[in-house]
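So you can see what is in the structure, the chains are spelled out below.
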Amino acid sequence: MQLSREALLRAYRQMKVIREFEERLHVDIQTGEIAGFTHLYCGQEAVAVGVCEHLDNDDKIVSTHRGHGHCLAKGCDVNGMMKEIWGSREGLCKGKGGSMHIADVDKGMLGANGIVGAGAPIAVGAGIAAKIDGKGKVAITFSGDGACNQGTTFEAMNMAVVTKAATIFVFENNHYSEHTGYQYAVGTNGDIASRAEAFGMKVWRGDGTDFFSVYETMREVLDYVRVPGNGPAAVEFDTERFFGHFEGDPQRYRGPGELDRIREQRDCLKKFRESVTQAKLLAGEDLDKIDAEVLEAIEESVRQAKAADRPTAEDVLTDVYISY
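Residues numbered from 1 in each chain as written. Predicted model: local features only at pLDDT ≥ 70, side-chain atom pairs only at ≥ 80, totals over all residues. Heavy atoms only, no water.

A.B. asks: Just to check I follow, could you spell out the overall build of the chain for this structure?
C.D. replies: Regarding its fold elements, the chain presents 12 helices and seven strands. Here the C-alpha radius of gyration of the chain, 19 Å, is about what a compact globule of 324 residues would show, namely 20 Å. Taken along the three principal axes of its C-alpha coordinates, the chain extends 55 × 50 × 40 Å. When burial is assessed residue by residue, the chain has 52% of its 324 residues classed as buried. With the model as given, the accessible surface of the chain reaches about 14400 Å², and the carbon-plus-sulfur share is 51%. Looking at charge distribution, the chain has the averaged site of its 37 positive side-chain charges lying 2 Å from that of its 50 negative ones. (Helix = DSSP H or I, 4+ residues; strand = E, 2+ residues; numbered from the N terminus. Rg over C-alpha atoms; globule rule 2.2 N^0.38 Å. Buried < 20%, exposed > 50% of the residue type's maximum accessible area, 1.4 Å probe, protein only. Areas by Shrake-Rupley, 256 points an atom, 1.4 Å probe, with all protein chains shown as cover. Lys, Arg positive; Asp, Glu negative; His and termini not counted. Charge placed at Lys NZ, Arg CZ, Asp CG, Glu CD.)

Given below as C-alpha cells:
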C-alpha cells in the first residue's frame, strides 16, 4: 500500500519525536533532576508508529515499562508527557505517574505498566469490551521478549482465544529480557510468535526496524481482528534497543561493537530516510526540516517542564478514588 506524502511525513515526524524525546531524557536524567527509574525506547520507534498509525482514539493500547514511544505514537501530548516525567502537577497524570505509569484515556492510551506482562490481561478486558460494542475497534497490548515468559501473558492469550476478544498481542523482541538473551530465555528456540499460535490464534511476523514492514504487517493483522468473530491475533517484531534496559545499565551483556553495529545497520529512522529518498517519495530537505522542528519542540517541552508547578502536599489526597 503506497502511503501519501502527508502520511509519510507524519510517520517520520512521529518516529523523530520519539527518538529526540528519549535522547533528551538520556541526557537530562544524568543530572539527577528527574526522579525514578526510566527505560528508553530508542531504536524501536518503527514498531510504535507503524502500529499506532492505523489506530484512532477509540482503539485502545496498553503499554509497558518502556512506554514513552507508545504514548507519543498514540497521540499523547509531548509537553504533558515531559511535564509528567519531570514530576509536574501539570503532567498528563498530574506528576503522579512518572515514566512508567503515563496514561491518557482520552487518546485510548490505557497506561504504561511497571510490572512485566501485566498489560496483557488489561488489553483482553478492553478487547472483550470492543467485541461487545461491535464497532470494529481493537485493544493492543505491547510486550517484550521478557513478558512472553510471564504467566499473566499466557493466561491472557488463552482467555482472549476463549472469549474471541478483539485483542492483538504485539511482541517487541529487542533480544534482551533485561540482561538475558531471548534465545536462551525463550524455550521455543527464541520464537515468540509460535507460542501465541499454540494458543489457537493467528500470528504474523515482521521486521521491527523497518517502518514499512511494521505498517503493512499491522494492516493485515487489524483487517483480520476487526472482523467480528475472528478473535485475537499476535505479531512478533524483531527490533533493537539502543540504550540499556534502564538508565544506568552498564550493558556488559552486549558483544564487542554490538551497539555500534545496530545503530549503523538497524536504525529505523535511517532506513526510513534511505527508503523514501531513494524512491523519490520525499526529499532529504523535507526530513531535515522535520528534524529541526522536532528538536525545537523537544527543547520547548523541557523548558516548560522545568518551569511547571510541582505537586503540593495536599495533592497526595486527590485522585485516590474515581467518582463515577
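A.B. asks: I keep staring at the state of the cysteines and nothing clicks. Help me out?
C.D. replies: Here a disulfide denotes a covalent bond joining the sulfur atom of one cysteine to the sulfur atom of another. A full pass over the atoms with the stated rule returns zero disulfides. Unpaired in terms of disulfides, Cys71 finds its nearest cysteine sulfur in Cys76, a separation of 4.6 Å. (Disulfide = S-S within 2.5 Å.)

A.B. asks: Would you explain the packing of helix H5 (residues 119–133) against helix H6 (residues 151–163) in this entry?
C.D. replies: Helix-helix packing is described using two parameters, namely the angle between the two axes and the distance between the axes. Where H5 contacts H6, the axes come no closer than 8 Å and their chain directions differ by 15°. The orientation of H5 relative to H6 falls into the category roughly parallel. As for the relative orientation of H5 and H6, their crossing is right-handed in sense. Residues Ala120, Pro121, Val124, Ile128 and Lys131 of H5 form the contact with H6, whose participating residues are Thr152, Thr153, Ala156, Met159, Ala160 and Thr163. (Axes fitted to C-alpha atoms, helices over the stretch in contact; angles between N-to-C directions. Parallel < 35°, antiparallel > 145°, perpendicular 65-115°, else oblique. Left-handed = near helix turned anticlockwise from the far one by under 90°. Contact = heavy atoms within 4.5 Å.)

A.B. asks: What is the right way to look at the pattern of salt bridges in this model?
C.D. replies: Once the charged atoms of two side chains with opposite charge are near each other, the side chains can pair. What the rule picks out here adds up to 29 salt bridges. With a shortest N-O distance of 2.9 Å, Asp28 and Arg24 are connected by a salt bridge. Separated by four residues within a single helix, Asp28 and Arg24 lie in helix H1 (residues 5–28), roughly one turn from each other. Across this residue pair, the class does not change: Asp28 and Arg24 are buried. (Salt bridge = Lys/Arg side-chain N within 4 Å of Asp/Glu carboxyl O.)

A.B. asks: Any chance you could explain the packing of H1 against helix H12 (residues 284–307) here in plain terms?
C.D. replies: Axis separation between H1 and H12 bottoms out at 9 Å; the angle between their running directions is 40°. Judged by the inter-axis angle, H1 sits oblique to H12. The chirality of how H1 crosses H12 is right-handed. Across the interface between the two elements, Arg5, Leu9, Tyr12, Arg13, Lys16, Val17, Glu20, Phe21, Arg24 and Asp28 of H1 pack against Asp286, Leu287, Ile290, Asp291, Glu293, Val294, Leu295, Ile298, Glu299 and Val302 of H12. Among the residues forming the contact of H1 with H12, the class breakdown is 10 nonpolar, no polar and 10 charged. (Nonpolar A, V, L, I, M, F, W, Y, C, P; charged D, E, K, R; others polar.)

A.B. asks: Sorry if this is basic, but what is going on with the nonpolar core here?
C.D. replies: Nonpolar side chains in soluble globular proteins generally cluster together in the buried interior. Counting 65 residues, the largest nonpolar core has Val51, Ile140, Ile168, Val170, Phe211, Met218 and Phe272 as its most contacted members. Looking at which element gives the most residues to this core, the answer is H1, with eight residues. Apart from the residues within four sequence positions on either side, Met218 is in contact with Gly50, Val51, His54, Ile140, Ile168, Val170, Val235 and Phe237. Counting 17 residues, the second-largest nonpolar core is a separate cluster that includes Ala156, Ile192, Ala196 and Ala234. (Core = buried A, V, L, I, M, F, W, Y, C linked by side-chain atoms within 4.5 Å.)

A.B. asks: What is the right way to read the layout of surface pockets from this model?
C.D. replies: To find leftover empty space, one rolls a probe the size of a water molecule over the atoms. Of the voids in this model, the largest pocket is the one considered here, and its volume is about 420 Å³. Contributions of two or more residues to the lining of the largest pocket are made by H5, strand S2 (139–144) and strand S4 (176–177). Of the residues forming the lining of the largest pocket, the biggest block, four residues, is contributed by S2. Per-class residue counts for the lining of the largest pocket are nine nonpolar, 18 polar and five charged. Roughly 320 Å³ of internal volume is contained in the second largest pocket. Around the second largest pocket, the lining is made up of 15 residues, and of these Cys93, His101, Ala103, Leu110 and Gly111 lie nearest the centre. Of the residues that constitute the lining of the second largest pocket, the class distribution is eight nonpolar, three polar and four charged. (1 Å grid on protein atoms, 1.4 Å probe; cavity = no way out; pocket = protein on both sides within 12 Å on 5 of 7 lines; lining within 4 Å. Points joined across faces, edges and corners; volume = space filled by probe spheres on them.)

A.B. asks: Explain H5 to me, please; I cannot follow it from the model alone.
C.D. replies: Think of an α-helix as 3.6 residues a turn; residues three or four steps apart then line up on the same face. If you check H5, its first and last C-alpha atoms are 21 Å apart, about what 15 residues at 1.5 Å a residue would give, namely 21 Å. Of the positions making up H5, those classed as buried are Gly119, Ala120, Ala123, Val124, Ala126, Gly127 and Ala130. Here the buried face of H5 lies against strand S1 (60–62), S2, H6 and strand S3 (167–173). Two residues or fewer after H5 comes Gly134, characterised by a positive phi angle close to 70°. (Expected span 1.5 Å × (residues − 1).)

A.B. asks: What is the right way to read the sheet that holds strand S6 (residues 202–207) from this model?
C.D. replies: One key point about sheets: their strands pair by backbone hydrogen bonds, in either a parallel or an antiparallel sense. One open sheet holds the five strands; their spatial order is S1-S2-S3-S7-S6, and the pairing between them is parallel. The sheet is open, and its two borders are formed by S1 and S6, each paired with just one other strand. Taken pair by pair, the neighbouring strands of this sheet meet at an average axis angle of 20°, ignoring direction. In this fold H5 packs onto S1, S2 and S3, with an angle of close to 165° to the strand it touches most, S2. (Pairing = 2+ DSSP bridges.)

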